[in-house]
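Take a look at the letters that make up each chain.
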Amino acid sequence: QVQLTESGGGQVQTGASLRLSCQASGDIDRINVMGWFRRVQGQQRELVATITSNSRTDYADSVKGRFTIFRDDAKKTVSLRMNNLKPEDTAVYYCNADKLWTPRGVQFGVWGRGTQVTVSS
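Notes on the structure follow. (Residues numbered from 1 in each chain as written. Predicted model: local features only at pLDDT ≥ 70, side-chain atom pairs only at ≥ 80, totals over all residues. Heavy atoms only, no water.)

Points about the overall build of the protein
Across its full length, the protein holds zero helices and 12 strands. The globule rule puts the C-alpha radius of gyration for 121 residues at 14 Å, and the 14 Å found for the protein is close to it. Overall, the protein is about 45 × 25 × 25 Å in size when its C-alpha atoms are taken along their principal axes. Expressed as a percentage of its 121 residues, the buried residues of the protein come to 40%. A separation of at least 24 residues holds for 56% of the contacts in the protein among residues at least 6 apart in sequence. Of note, the protein has its 16 positive side-chain charges centred 1 Å away from the centre of its 11 negative side-chain charges. (Helix = DSSP H or I, 4+ residues; strand = E, 2+ residues; numbered from the N terminus. Rg over C-alpha atoms; globule rule 2.2 N^0.38 Å. Buried < 20%, exposed > 50% of the residue type's maximum accessible area, 1.4 Å probe, protein only. Contact = heavy atoms within 4.5 Å. Lys, Arg positive; Asp, Glu negative; His and termini not counted. Charge placed at Lys NZ, Arg CZ, Asp CG, Glu CD.)

Written as structure tokens, this is what we have:
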């Protein structure tokens, strides 16, 4: 069974850095776009950053210049380096794979369970 598992969240102060990691497990042949989303309590989930299979990246305006997404296809991981964190970055961060190929077929919209990031002022 395919799973995405996030790690690396925590509680930090304004200006600190964190690195989130997401491990894809299961019998996976290939992953298309991987990304990070976040949800602030009471609000809808929003896109933070995505990275395609040929490493093209896209970022929300609010994190440009502070966050960096990268992936390792050999290890089936996607990571998010977050610098200069602000209180408004406080949220649950979710890993996503929009499409992945397995020996049993294609799966769409696979999500991790999330990891909490809390930034205090």
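Quick look at the state of the cysteines
Applying the stated criterion to the full structure yields one disulfide. Disulfide pairing places Cys22 opposite Cys95 at an S-S distance of 2.1 Å. Measuring handedness by torsion sign, the sulfur bridge of Cys22 and Cys95 sits at about -80 degrees and is left-handed. Here Cys95 lies in strand β10 (residues 91-102) and Cys22 lies in strand β3 (residues 18-25), a separation of 73 residues in the sequence. (Disulfide = S-S within 2.5 Å.)

Focus on unusual backbone geometry
A negative phi holds for most residues other than glycine; trans holds for most peptide bonds. At Ser55, a position not held by glycine, the phi torsion is positive, near 70 degrees. Structurally, the position occupied by Ser55 is in the loop between β6 (46-51) and β7 (57-59). Positive phi, close to 50 degrees, is recorded for Asn84, a residue that is not glycine. Relative to the elements of secondary structure, Asn84 occurs in the loop between β9 (77-82) and β10.

Some remarks on the sheet that holds strand β1 (residues 3-7)
If you walk across this open sheet you meet the four strands as β1-β3-β9-β8, and the pairing is antiparallel. Whereas interior strands pair on both sides, the edge strands pair on one side only; in this sheet they are β1 and β8 (67-72). Taken over all neighbouring pairs, the strand axes of this sheet differ in orientation by 15 degrees on average, direction set aside. (Pairing = 2+ DSSP bridges. Axes fitted to C-alpha atoms, helices over the stretch in contact; angles between N-to-C directions.)

Quick look at the nonpolar core
Counting residues in each nonpolar core, the largest one holds 31 residues, and the members touching the most others are Trp36, Leu80, Met82 and Tyr93. For this core, the secondary-structure elements that each account for two or more residues are β3, β5 (34-39), β6, β8, β9, β10 and β12 (115-120). The greatest single-element share of this core, amounting to five residues, is contributed by β10. Excluding anything up to four places from it in sequence, Met82 contacts Ala16, Ser17, Leu18, Leu20, Arg66, Phe67, Tyr93 and Val117. (Core = buried A, V, L, I, M, F, W, Y, C linked by side-chain atoms within 4.5 Å.)

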